[in-house]
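Structural overview for review
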Amino acid sequence: MTITNRIQLFATFIALMMNAAGAIAQTNVVEHALPNGMRVIVKPDHRAPVVVSMLWYKVGSVDEFNGTTGIAHVLEHMMFKGTKTLPGGEFSRLIAAAGGRENAFTSQDYTGYFQTLHKSQLPLALRLEADRMTNLVLLPEEFAKEIKVVMEERRLRTDDRPRAMVYEQLMATALRAHPYRNPIIGWMNDIENLRVEDARVFYERWYAPNNVILVVVGDVKPQEVFDLAQRHFGGIKPRPLPVRKPQEEPEQLGIKRLTVKAPAELPYVLMAYRVPVLRDPEKDWEPYALEMLAGVLDGNEAARLNSTLVRGERLADAADASYDGIARGPGMFYLSAVPTPGKTSAEVEQGLRRELARIASDGVTAEELKRIRAQIVASQVYQRDSMFFQARQIGSTEAAGLPHRTIDVMLEKLKQVTPQQVQEVAKKYFSDDALTVAYLDPQPVSGKRPAAPSSGVRHAQ
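Residues numbered from 1 in each chain as written. Predicted model: local features only at pLDDT ≥ 70, side-chain atom pairs only at ≥ 80, totals over all residues. Heavy atoms only, no water.

Here we come to the pattern of salt bridges. Evaluation of the coordinates by the stated rule reveals 26 salt bridges. We note a salt bridge from glutamate 142 to lysine 145, for which the minimum N-O separation is 3.8 Å. One end of the pair is glutamate 142 and the other is lysine 145, both in helix α5 (residues 140-159) and 3 residues apart, which spans about a single turn. Given a relative accessible area of 23%, glutamate 142 falls into the partly exposed group. Across the salt bridge formed by glutamate 355 and arginine 358, the nearest N and O atoms sit 3.0 Å from each other. Placement of both glutamate 355 and arginine 358 in helix α12 (residues 345-362) is noted, with a separation of 3 residues, approximately one turn of the helix. Taking the relative accessible area as the measure of exposure, arginine 358 reaches 31% and is therefore partly exposed. Salt bridges sharing common partners tie together Arg257, Glu349, Arg353 and Asp432. (Salt bridge = Lys/Arg side-chain N within 4 Å of Asp/Glu carboxyl O. Helix = DSSP H or I, 4+ residues; strand = E, 2+ residues; numbered from the N terminus. Buried < 20%, exposed > 50% of the residue type's maximum accessible area, 1.4 Å probe, protein only.)

See the structure below:
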């Protein structure tokens, strides 16, 4: 195949992806608000007789107080421990008996509960969710058992994973005031000292219908879902919600550095720059340029970090870049790498810095952005083939304070990013004054702890 034919084929692929993305736009999403303030968002998808039901509480670890970090996550576990009408474990048993799957997740900004089941079983899922929204029973003995489960979960996911420890320590260093500095699962000392009353207060403060978004995607009719929601949730009274005070992180005044010593096979470098997040999807442009910059650095095999640091200079065994522009709190742009044997963490850090500096000085090419655009659009097309992804995309956008209808706006804005805009954000935001650098100093690995039983560990954060 000639170069000209390859270019034509690539252009045709992009056009097809653009058309496909337009065909799956959010135009068939319908929204309704119950009188008690609960919002219901429905997206019909009739390809299979399946439905995904997600209940999003707009509360997460960002809403915790000092001394109670981890309580949002612990409460998520306790939501499966029984209500005034159902004994512990019955929620999961009933969903499984109906042929469905259920789980939950906690983030910095929200807590979600979901079920995937046959469309005929949607009333069951909504009935069970409404029940535990108001009738949760928090027993001290069950709480004490679940605290042990969460402590073990923390050991398995953070304390025994050196790179997770590096990330946790980096966030605690990069941010001085904002609650994002605390881990979602909580600090171990806080978890050990949590009491059932802490969970009860958190539940009564935030678990109200006027703090909830119900997202349903699947083989349903919107009005039928709205009627079901009214039947099961309509009788739950709203409650006054706490007023969230502004939590702005103070300006960083210089580079921050830390070293984490932990048993590990290899060193590791993690860098984080303070950057903006998306606030106005129509008017903002910098978050879109930052997303494209992450793609240029680490979007494919031909991306800058892989082609230069990994394959070219053989400075790193692996190198990554990432940016999440949707959050209630401050944003971060991450760079990470594992040095190749014989190379130091300092050399890898300089290599990562050099690639950013090269983009700031020389910019990126139109061809690079064309590849990234095609990948982003293709990813959206493929992922929207999943009902679960569609529901999660709608819910996470809404829970972060952005209307779900901006999902398509964001996709269009990403397509419009120019090479000049990518170069401009690279110049503007990647200075030492906004940088935190963490090194993993590997210590001898004395032996692995035995794996804990999986029962009780419900989800991945």
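What follows continues from the structure just given.
Let us look at the packing of helix α10 (residues 286-298) against helix α15 (residues 406-415). A pair of packed helices is characterised by two quantities: the angle between their axes and the separation of those axes. Interaxial distance between α10 and α15 falls to 9 Å at its minimum, and their mutual angle equals 65°. In the crossing of α10 with α15, the sense of the turn from one axis to the other is right-handed. Listed contacts from α15 to Tyr288, Glu291 and Met292 of α10 are Met410, Lys413 and Leu414. Residue classes in the contact of α10 with α15 are distributed as 4 nonpolar, no polar and 2 charged. (Axes fitted to C-alpha atoms, helices over the stretch in contact; angles between N-to-C directions. Left-handed = near helix turned anticlockwise from the far one by under 90°. Contact = heavy atoms within 4.5 Å. Nonpolar A, V, L, I, M, F, W, Y, C, P; charged D, E, K, R; others polar.)

A few words now on the confidence of the model for the chain. On average, residues of the chain score 91 in pLDDT, and 91% of them are at 70 or above. A low-confidence stretch, residues 450-461 stays under pLDDT 50, and its non-local contacts, those more than four residues away or across chains, total 33 contacts. (pLDDT = per-residue confidence, 0-100.)

Either a parallel or an antiparallel arrangement is found when strands of a sheet pair, and the pairing is made through backbone hydrogen bonds. The strand order across the open sheet built from 6 strands is β1-β2-β6-β3-β5-β4, with neighbouring strands paired in mixed fashion. Edge positions in the open sheet fall to β1 (30-33) and β4 (101-106), since each of these has one partner strand only. Averaged over all adjacent pairs, the angle separating strand axes in this sheet is 15°, with direction ignored. This element, helix α9 (residues 222-233), spans β1, β2 (39-44), β3 (50-57) and β6 (212-218) of the sheet and lies at about 150° to β2. (Pairing = 2+ DSSP bridges.)

Here we come to the sheet that holds strand β7 (residues 256-263). Taken in spatial order, the 5 strands make up an open sheet running β7-β11-β8-β10-β9, and their pairing is mixed. The sheet terminates laterally at β7 and β9 (316-323), the two strands that pair on one side only. Neighbouring strand axes in the sheet, compared pairwise and without regard to direction, differ in orientation by 15° on average. With 6 bridges connecting them, strand β8 (residues 268-275) and strand β11 (residues 435-443) associate as antiparallel partners. Counterpart to leucine 270 in the pairing with β11 is alanine 438.

Structurally, isoleucine 147 can be placed in helix α5. With a relative accessible area of 7%, isoleucine 147 lands in the buried category. For the pair isoleucine 147 and glycine 82, spaced 65 residues apart in sequence, the C-alpha separation works out to 16 Å. Residues in contact with isoleucine 147, not counting those within four places in the same chain, are Val74, Ile191 and Leu194.

Counting buried residues along helix α2 (residues 71-78), 8 of its 8 residues qualify, which places the element largely inside the surrounding structure. Within the sequence span of α2, burial applies to Ile71, Ala72, His73, Val74, Leu75, Glu76, His77 and Met78. Buried residues in α2 make contact with β4, β5 (111-118), α5 and α8 (196-206).

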